[in-house]
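# Fold and contact review
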Amino acid sequence: MSVLALARPELLELRGYSSARREAGAAATMLNANESPWPSGNGMALHRYPEPQPTELRRTMASLYGVACNQVLLCRGSGEGIDLLVRAFCRSGHDAILICPPTFGLYAVCAEVQGAARIEVPLDAGFKPDTKAILAAARHSVKLVFLASPNNPTGALVRRTCIDQLASGLAGNAVLVVDEAYIEFADSSSTCELLGRHENLVVLRSLSKAWALAGARVGAVVAHPQVVALLERIAAPYPLPAPSTAAVLSALDCTRRDEFSRRVARLVGERERLRGALEALAGVREVLHSDANFLCVRFDDADAELGKLARGGVVVRDVRAQHRLQDCLRISIGTPAENDRLLDALAAAQEFA
Ligand SMILES: *Cc1c(COP(=O)(O)O)cnc(C)c1O
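Since this is a predicted model, take the numbers as computed values, not measurements. (Residues numbered from 1 in each chain as written. Predicted model: local features only at pLDDT ≥ 70, side-chain atom pairs only at ≥ 80, totals over all residues. Heavy atoms only, no water.)

## Topic: the site of the ligand
Quick note on the threshold: Any residue with a non-hydrogen atom lying within 4 Å of a molecule or strand is treated as near it. Any pair of nitrogen or oxygen atoms within 3.5 Å is treated as a polar contact; in protein, a donor-acceptor pairing is required on top of that, and neighbouring residues in sequence qualify only through side-chain atoms on both sides. With residues, only the protein chains shown are counted as cover, and all accessible areas are computed by Shrake-Rupley using a 1.4 Å probe. What counts as a helix is a DSSP run of H or I of at least four residues, what counts as a strand is a run of E of at least two, and both are numbered from the N terminus. Think of it as three bins: nonpolar holds Ala, Val, Leu, Ile, Met, Phe, Trp, Tyr, Cys and Pro, charged holds Asp, Glu, Lys and Arg, and polar takes everything else, Gly as well.
Every one of the 13 residues lining the ligand counts as a neighbour, but Asp179, Tyr182, Ser206, Ser208 and Lys209 are closest to it. Between Tyr182 and the ligand, the recorded distance is 2.6 Å, taken from a side-chain N or O atom to an oxygen atom. The contact in question runs from an oxygen atom of the ligand to an N or O atom on the side chain of Lys209, over 3.3 Å. Out of a free accessible area of 390 Å², the ligand has 92% covered by protein chains. A per-element tally of the shell around the ligand places helix α4 (residues 77-89) first, with 3 residues. For the shell around the ligand, a count of residues per class yields 4 nonpolar, 6 polar and 3 charged.

Spelled out as structure tokens, the structure:
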């Protein structure tokens, strides 16, 4: 069975908006898109609509992820990829997504916006996905199962055998979406390697974290070519602004790859230094295992620690509202100086009102 049988049937007929740039590429005289014939005068040539899926960027990212160009859909951050997947697969009022809390909040928000139900199968006591429970719960109406690996906000990678088993078990019923926003920080290869084995597997990749390009808003859905083609039909006509594409291409330039590896290695080194320092602090109960660029930390009194951090001018993410994280704060790894400031603030004596 084709994975498209799981998509919203009415979308299979949809041709999608046929933009001028899609109908006809470049020509000597371009009079088909109602653009200005002159640039705006700010020194940047932005008067032409960009390619809907910029060819060079698509090729570069496909090669970065070790897949074919037709397996890559470029989008405005992987966040847009989540939204496109929910809109493509979930009929409002009928279908559901499955998530494993505690996890990234955007999956639930996109489902709510689309009118899709949400089924929750919490991570187990070790914050690992409960494969059996997921497969049992995904029998009815679930079209998408979201797993982040490494997970946000807990930080741990999902084992490859677990992803393999889930994709096989869900085949014919649901798509498994593995969100790899933080995979570059983990000591592991990407789930993209499994795409050939499972038609119902989708991988989300982002340039916002390890590639230091959050402001450019570029990410990718890596999937079966049929899924990519479907998402492309429902995506915005020109999702990627030309300056973002140019900025990303220069940052991904092969000559900058060494710089990238050094930055990731330095960040992982800082993460482990910070872990050691935090574990030695009174008031820290546990530092969860992390394969990402943040640490999820259990405190005896998170309110008191937040107060100290505020006085030191440091903000961290309060994740205490999440399942089984009632005493946790999530700390992003910064520069060595920033991490020292965090440690100094936490080491300061508590002020009593
Ligand atoms: C940060 C994050 C994203 C979003 O990344 P963008 O590419 O910037 O949209 C996706 N998934 C998870 C789990 C994240 O933490």
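## Structural notes on the sheet that holds strand β9 (residues 294-299)
Quick reminder of the rule: For two strands to be treated as a pair, DSSP must find at least two bridges joining them. What makes two residues a contact is simply this: any of their non-hydrogen atoms within 4.5 Å. What counts as an axis is a line fitted to C-alpha atoms, over the stretch in contact for a helix, and the angles between N-to-C directions run from 0 to 180 degrees.
The strand order β8-β9-β11-β10 describes an open sheet built from 4 strands, whose pairing is antiparallel. A single partner strand is all that each edge strand has here, and the edge strands are β8 (284-287) and β10 (317-318). Packed on one face of the sheet, helix α11 (residues 302-311) meets β9, β10 and β11 (328-332) and runs near 35 degrees to β11.

## Let's talk about the nonpolar core
The condition is simple: Within this scheme, the nonpolar core is defined by two criteria: the residues are buried Ala, Val, Leu, Ile, Met, Phe, Trp, Tyr or Cys, and they are joined through side-chain atoms within 4.5 Å. Burial classification: accessible surface area is computed with a 1.4 Å probe over protein chains only, and a residue below 20% of its type maximum counts as buried, one above 50% as exposed, and the rest as partly exposed.
Counting 74 residues, the largest nonpolar core has Leu57, Met61, Leu176, Leu207 and Leu278 as its most contacted members. Other than its neighbours up to four places away in sequence, Leu278 contacts Val284, Val287, Leu295, Val297, Ile331, Leu343 and Leu346. Judged by nonpolar contacts, the second largest core, of 36 residues, contains Phe146, Val221, Val228 and Leu231.

## Observations regarding the packing of helix α10 (residues 257-279) against helix α12 (residues 336-347)
Condition: These descriptions rest on fixed angle ranges, namely under 35 degrees for roughly parallel, over 145 for roughly antiparallel, 65 to 115 for roughly perpendicular, and the rest for oblique.
Interaxial distance between α10 and α12 falls to 11 Å at its minimum, and their mutual angle equals 10 degrees. Relative to α12, the element α10 is oriented roughly parallel. Taking contact as the criterion, the partners of Glu270, Arg273, Leu274, Ala277 and Leu278 in α10 are, on α12, Pro336, Asn339, Asp340, Leu342, Leu343 and Leu346. Partitioning the contact of α10 with α12 into residue classes produces 7 nonpolar, 1 polar and 3 charged.

## What to know about the packing of aromatic side chains
What describes a pair of aromatic rings is the distance from one ring centre to the other and the angle between the planes of the rings. The test is simple: Two rings from Phe, Tyr or Trp (for Trp, the six-membered ring) form a pair when their centres are within 6.5 Å of each other. A pair whose planes differ by under 30 degrees is stacked, one over 60 is edge-to-face, and the rest are tilted. Counted as over-ring charges are cases with an Arg CZ or a Lys NZ within 6 Å of the ring centre that also lie within 35 degrees of the ring normal.
Counted under the stated rule, the structure contains 5 aromatic pairs. With centroids separated by 4.6 Å and ring planes inclined at 15 degrees, the aromatic side chains of Tyr107 and Phe146 adopt a geometry described as stacked. You can see Tyr107 sitting in helix α5 (residues 106-114) and its partner Phe146 sitting in strand β4 (residues 142-148), a full 39 residues away along the chain. Note on accessibility: Tyr107 and Phe146 belong to one class, buried. By way of ring pairs, the aromatic residues Phe104, Tyr107 and Phe146 are connected into one cluster. When the ring centre of Phe294 is taken as origin, the NZ or CZ atom of Arg330, which lies over that ring, is 5.7 Å away.

## Comments concerning the pairing of β8
Of the pairings in the sheet, the one linking β8 to β9 comprises 3 bridges and is antiparallel in character. Looking at β9, one finds that Glu286 is bridged to Arg298.

## Things to note about the state of the cysteines
Where we set the bar: When two cysteine sulfur atoms are found within 2.5 Å, that pair is recorded as a disulfide.
Scanning all chains against the criterion turns up 0 disulfides. Just so you know, Cys100 is unpaired, no disulfide at all, and the nearest cysteine sulfur is the one on Cys162, 8.5 Å from it. Using a relative accessible area of 3% as the deciding quantity, one classes Cys100 as buried. Cysteine Cys254 remains unbridged, with the sulfur of Cys69 as its closest cysteine sulfur at 14 Å.

## Quick look at the sheet that holds β4
Backbone hydrogen bonds hold the strands of a sheet together, and the pairing may be parallel or antiparallel. Strand order across the open sheet formed by 7 strands is β1-β7-β6-β5-β4-β2-β3, with mixed pairing between neighbours. Each edge of the open sheet carries a strand with a single partner, namely β1 (72-75) and β3 (117-120). When the angles between neighbouring strand axes are averaged without regard to direction, this sheet yields 25 degrees. Bridge analysis of strand β6 (residues 201-206) against strand β7 (residues 219-222) gives 4 bridges, and the strand direction is antiparallel. Among the inter-strand pairings, Arg205 is bridged to a residue of β7, identified as Ala220. Running over the sheet, α4 touches β1, β2 (96-99), β4, β5 (175-179), β6 and β7 and is turned about 155 degrees from β6.

## Some points on the environment of Ala24
Tracing the backbone through its elements, the reader meets Ala24 in the loop between α2 (20-23) and α3 (55-65). The class for Ala24 is partly exposed, based on a relative accessible area of 32%. A sequence separation of 94 residues divides Ala24 from Arg118, and the C-alpha atoms of the two residues are 41 Å apart.

## Brief notes about helix α9 (residues 242-251)
For clarity, the cut-off: Directions are taken from the helix axis to each C-beta atom, and the arc is the one they span.
The complete set of buried residues in α9 reads Ser244, Thr245, Val248 and Leu249. One side of α9 carries all its buried residues, which in axial view fall inside an arc of 130 degrees. Buried residues along α9 sit against α3.

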